[in-house]
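# Tertiary structure, described
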Amino acid sequence: MDQMSATTTSPSTTAEVTSVRPFEITVPEEALVELRRRVAAVRWPSKELVTDRSQGVQPATIQALARYWTTEYDWRRCEARLNALPQFKTQIDGEDVHFIHVKSPHEHALPLILTRGWPGSVIEMLETIGPLTDPTA
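Scope of this entry: the structure provided in the associated data block. (Residues numbered from 1 in each chain as written. Predicted model: local features only at pLDDT ≥ 70, side-chain atom pairs only at ≥ 80, totals over all residues. Heavy atoms only, no water.)

## Description of the overall build of the protein
Each helix and strand counted, the protein has four helices and five strands in total. Among the 137 residues that make up the protein, the fraction classed as buried is 15%. Accessible area of the protein: about 11,100 Å², with a carbon and sulfur share of 57%. (Helix = DSSP H or I, 4+ residues; strand = E, 2+ residues; numbered from the N terminus. Buried < 20%, exposed > 50% of the residue type's maximum accessible area, 1.4 Å probe, protein only. Areas by Shrake-Rupley, 256 points an atom, 1.4 Å probe, with all protein chains shown as cover.)

So, in structure tokens, the structure goes:
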């Protein structure tokens, strides 16, 4: 791995070196079992009073999503997709920052930074990484 570090300067210190360290997502199986148990144990509200979504998401929609998460969703597949990419963590202003660093195979490729905010997820951007880093592929 390339030597990766960042130097920051603040009014109270001269210079600090913040390391960039490799990161891999590893969710223990026990945590997934507990999550499925909690979702399956939800106490659902009574049926909505209207037939449209004017009072929010209808219970049937949420119940179908809960069934999907507890019986069909393959977290390990998602985890493998994420871990197939070079992921790192560093600290900025005392906060851990997680990032994926994919280099283009093209010599003069323009660097690009994609960011996201809450409640988004890096998962939403996975399909764009390939086309953006290697558009001729």
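## Some points on helix H4 (residues 126-133)
Those residues of H4 lying buried are Leu126, Ile129 and Thr133. Each buried residue of H4 sits inside an arc of 35° when the element is viewed along its axis, so together they form one side. For H4, exposure combined with an orientation more than 90 degrees from the buried face picks out Glu127 and Pro131. Residues of H4 that are buried in the fold lie against helix H3 (75-83) and strand E5 (95-100). (Arc of directions from axis to C-beta. Contact = heavy atoms within 4.5 Å.)

## Considerations on the environment of Val97
You can see Val97 is positioned in strand E5. For the pair formed by Val97 and Val20, sequence separation is 77 residues and the distance between their alpha carbons is 9.6 Å. Filtering out sequence-adjacent residues up to four positions away, Val97 remains in contact with Phe88, Lys89, Thr90 and Ile92.

## Brief notes about a nonpolar patch on the surface
A surface patch of nonpolar side chains, amounting to about 610 Å² of accessible area, comprises Val42, Trp44, Val57, Ile62, Leu65, Tyr68 and Trp69. Along the chain, Val57 falls in the loop between helix H1 (29-40) and helix H2 (59-71). (Patch = residues over 30% accessible without salt bridge, like charges linked within 9 Å, V, L, I, M, F, W, Y side chains within 5 Å. Salt bridge = Lys/Arg side-chain N within 4 Å of Asp/Glu carboxyl O.)

## Re unusual backbone geometry
Here the bond from Trp118 into Pro119 is cis, since omega is 5°, no more than 30 degrees from zero. For Pro119, the position within the fold is in the loop between E5 and H4.

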